[in-house]
Amino acid sequence: MKKHISILLFFLLIISLFSKEVYLQWKKVDNNYYIEKNGTVFLNVSSLERLDYNILGMSENMFIIKFDDTWSAVVFPKSKIAIINSSESIILSSNDFIYQNNTYYINVKTLANLANLEYIENSKGYYLNYKLAKLKTIDGFLMNDKLRVIMEFSTHPDKYEIYSLTSVPGYLIKIYGVEIPEVSFSKDFNNRFLSRIKAMQHSTKEIWVTIILGGEPKKYTEILENGRIIIDIEMTEDFTKPVVVLDPGHGAYDPGTLGFLGTKEKDVALKVALKTKELLKGKNINIYLTRDIDKFVELYDRAKISNDLHADLFISIHLNSYLENRSTRGSEIYYFSFSDDAYARKIARKENIDSEDVIESRVIEKKNSIPESKEIAEILKKHIKDNKIPFRSIKAAEFAVLAYTKCPAVLFELEFLSNPIVEMNFKSGVYIDLFAKIIADSILEYFGIK
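Residues numbered from 1 in each chain as written. Predicted model: local features only at pLDDT ≥ 70, side-chain atom pairs only at ≥ 80, totals over all residues. Heavy atoms only, no water.

**Quick look at the overall build of the protein chain**
The test is simple: Going along the chain from the N terminus, every DSSP run of H or I of four or more residues is numbered as a helix, and every run of E of two or more is numbered as a strand. For each residue, the accessible area found with a 1.4 Å probe, counting protein chains only, is set against the maximum for its type, and the residue is called buried under 20%, exposed over 50%, and partly exposed in between. Pairs of residues are marked as contacts when any of their non-hydrogen atoms sit within 4.5 Å. Surface accessibility follows the Shrake-Rupley procedure with a 1.4 Å probe radius. Residue values consider only the protein chains on display as shielding.
Looking only at helices and strands, one finds 9 helices and 29 strands in the protein chain. Looking at the 450 residues of the protein chain, the share that counts as buried comes to 46%. Contacts in the protein chain between residues at least 24 apart in sequence constitute 62% of all its contacts with a sequence separation of at least 6. Accessible surface for the protein chain amounts to roughly 23300 Å². Of this, 50% is attributable to carbon and sulfur atoms.

**A closer look at the packing of helix α3 (residues 265-279) against helix α9 (residues 430-447)**
We apply this condition: Axis definition: a line fitted to C-alpha atoms, over the contacting stretch in the case of helices. Angles run 0 to 180 degrees between N-to-C directions. For classification purposes, an angle smaller than 35 degrees is called roughly parallel, one larger than 145 roughly antiparallel, one from 65 to 115 roughly perpendicular, and anything else oblique. Each crossing gets its handedness from the near helix: less than a right angle anticlockwise from the far helix is left-handed, clockwise is right-handed. Note on residue categories: nonpolar means Ala, Val, Leu, Ile, Met, Phe, Trp, Tyr, Cys or Pro, charged means Asp, Glu, Lys or Arg, and polar means any other residue, Gly included.
Remark: α3 packs on α9, axes separated minimally by 8 Å, with the N-to-C direction vectors making an angle of 55°. As judged from the angle between their axes, α3 and α9 are oblique. Crossing angle aside, the handedness with which α3 passes α9 is right-handed. For the pair formed by α3 and α9, the contact residues are Val268, Lys271, Val272, Lys275, Thr276 and Leu279 on the first element and Ile432, Asp433, Phe435, Ala436, Lys437, Ile439 and Ala440 on the second. Among the residues making up the contact of α3 with α9, the classes are represented as 8 nonpolar, 1 polar and 4 charged.

**Notes on the nonpolar core**
The tendency in soluble globular proteins is for nonpolar side chains to be buried side by side. Selection criterion: We define a nonpolar core as any set of buried Ala, Val, Leu, Ile, Met, Phe, Trp, Tyr and Cys residues linked to one another through side-chain atoms lying within 4.5 Å.
Grouped together as the largest cluster of nonpolar side chains are 42 residues, with contacts concentrated most on Phe412, Phe426 and Ile439. When residues in this core are grouped by element, the largest group, 10 residues, is from α9.

**A word on the pattern of salt bridges**
Counted only if it meets this: Should a side-chain nitrogen of Lys or Arg be within 4 Å of a carboxyl oxygen of Asp or Glu, the pair is scored as a salt bridge.
Across all of its chains, the model carries 21 salt bridges by this definition. In this structure, glutamate 118 engages lysine 134 in a salt bridge whose closest nitrogen and oxygen atoms are separated by 3.9 Å. Here lysine 134 lies in strand β14 (residues 133-143) and glutamate 118 lies in strand β12 (residues 117-121), a separation of 16 residues in the sequence. Residue classification places lysine 134 among the partly exposed positions, given a relative accessible area of 25%. The residue arginine 329 makes a salt bridge to glutamate 415 at a minimum N-O spacing of 2.7 Å. Separated by 86 residues along the polypeptide, arginine 329 in the loop between β26 (313-320) and β27 (331-336) and glutamate 415 in strand β29 (residues 409-416) bring together distant segments of the chain. When salt bridges that share partners are traced, they join Glu118, Lys134 and Glu179 into one network.

**Side note on the side chain of asparagine 129**
Following the sequence through the fold, asparagine 129 ends up in strand β13 (residues 125-130). Asparagine 129 gets classed as buried once you look at its relative accessible area, which sits at 0%. Here asparagine 129 is in contact with Leu24, Gln25, Trp26, Leu117, Glu118 and Ile120, once residues within four sequence places are set aside.

**Some details on the environment of phenylalanine 314**
Following the sequence through the fold, phenylalanine 314 ends up in strand β26. A C-alpha to C-alpha distance of 9.9 Å links phenylalanine 314 and isoleucine 376, two positions 62 residues apart in sequence. Ignoring anything within four residues of it in the chain, the contact list for phenylalanine 314 reads Val245, Asp247, Thr290, Arg302, Ser306, Val401, Thr405, Cys407, Pro408, Ala409 and Val410.

**Focus: the packing of aromatic side chains**
As a reminder of what qualifies: A pair of Phe, Tyr and Trp rings is counted when the ring centres sit within 6.5 Å of each other, with Trp represented by its six-membered ring. The angle between the planes then sorts it: under 30 degrees is stacked, over 60 is edge-to-face, the rest tilted.
For the structure on display, the rule yields 16 aromatic pairs. For the pair phenylalanine 426 and tyrosine 431, a centre-to-centre distance of 5.4 Å together with 80° between the ring planes defines the contact as edge-to-face. Side by side, phenylalanine 426 and tyrosine 431 carry an identical accessibility label, which is buried. Ring centres of phenylalanine 426 and phenylalanine 435 lie 5.7 Å apart, and the angle between their planes is 25°; this geometry places the pair in the stacked category.

**Description of the pairing of β14**
Here is the rule: Strands are labelled as partners when DSSP assigns at least two bridges between them.
For β14 and strand β18 (residues 178-179), the ladder comprises 2 bridges, and the chain directions are parallel. By the bridge assignment for β18, alanine 133 is matched with valine 178.

**A few points about the packing of helix α8 (residues 420-428) against α9**
Axis angle and axis distance: for two packed helices, these are the angle between their axes and the distance between the axes, and together they describe the pair. Relative to each other, α8 and α9 sit at 85°, their axes nearing to 4 Å. In terms of their interaxial angle, α8 and α9 are classed as roughly perpendicular. Residues Val422, Asn425, Phe426 and Ser428 of α8 touch α9, and the partners they reach there are Val430, Tyr431, Ile432 and Phe435. Here the residues of the contact of α8 with α9 sort into 6 nonpolar, 2 polar and no charged.

**Quick notes on the environment of aspartate 139**
Threshold: As used in this structure description, the phrase polar contact means that two N or O atoms lie within 3.5 Å; if the pair is within protein, one of them must be able to donate a hydrogen and the other to accept it, and residues adjacent in sequence are counted only when both atoms belong to side chains.
Its location among the elements puts aspartate 139 in strand β14. Overall, the relative accessible area of 33% leaves aspartate 139 in the partly exposed class. A sequence separation of 58 residues divides aspartate 139 from isoleucine 197, and the C-alpha atoms of the two residues are 8.1 Å apart. In contact with aspartate 139, not counting residues within four places along its chain, are Arg148, Val149, Ile150, Lys187, Phe189 and Ile197. At 3.3 Å, the side chain of aspartate 139 and the side chain of lysine 187 are in polar contact.

**What about the sheet that holds strand β19 (residues 184-188)?**
If you walk across this open sheet you meet the 5 strands as β16-β17-β21-β20-β19, and the pairing is antiparallel. Sheet topology places β16 (159-164) and β19 at the edges, where each strand pairs with a single neighbour. Across this sheet, the average inter-strand angle for adjacent strands is 15°, counted without regard to direction. Strand direction decides the pairing type here: strand β17 (residues 170-176) and strand β21 (residues 206-213), joined by 7 bridges, are antiparallel. Considered in β21, the bridge of tyrosine 171 is made with isoleucine 211.

Written out as structure tokens, the structure reads:
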């Protein structure tokens, strides 16, 4: 007896391993809703209600499968015919139906045809899914004077709607009759106008695509062609303008170095940065400051501002001090010194990077920016000397604010605030104007702007 039970259990196990499941829109259907007979699976027509279908007028002679206002199938099982959308007829077979407990079970392949669903069969089971367009690719790139985002689908989506985001610059696109095979999609972009594109399956037949911009958009135009949605975005800023970030050192409770008369480094650095921005107004260049008021900004956050803006140049503005000899004066310029391993460890610790590929990419990025950092240092040196300011040196150093910036970057020690003559020139405003001019002229020369 026990032997017979063991054999029976074994065969039940084998049957369960090899029997196929039924899925509606990728979700498994409870086996109480279908019948297997002679190798054919018959699905309870009422299970379509899970996909928002309406099953109407169920009787032994007729029933209706209806979906919104887009699809209806009036089925006459005994007459072996179905009328689709009041115009097209489908010839059926008596083998397509089982009438049981006052409802119809229908061959899954036939049911897919009657409900206008996609039918898939594989080793795991039978799938009845909406006939949705599939998102194939999304990409974004700068094109002439605009930003172009292209979304490509396997077929035309039913429709789409575009909304402006409220919390950040960008757009939300709701696309209907579409699915994302991978469930979600996200891509970061390495330019200052496009930060990220993210797509997610919002509901069974709808995806939401979020375009997060790096700056304010002015307007957009849209094109629908060949299964693609194309969004052309015109930005408020000119694409061709280089981006420069000026970083006035210290701030708020961190005054920096102090002059003999109480002049604070933080105040002088800010005044020079603001004056530089003023001098460059109207030029073909975008100037940003890490702070434009008396506040404290962490070193890493200063670099992050620059990186988030995808800056082309970063200049940190400071003043020196040497109390042991107040006659000491002159300008100094620093760029980042480099050691692959040490830098990689520093970046990984600070930015919580685990991926070796990302770290290596960042190391290469920093390496490539060092020659240009030296170039802007040499241009600054020339303008310093042209304006009769004593010049001391250009040196490599591991300043954190230079380490974390991705673009060419220098730290400019304007002068020695400990020198009484220098301090008086800053207090009078003479050196504020002069050093702002030195920096502005150097930036214009670096970018070849007249």
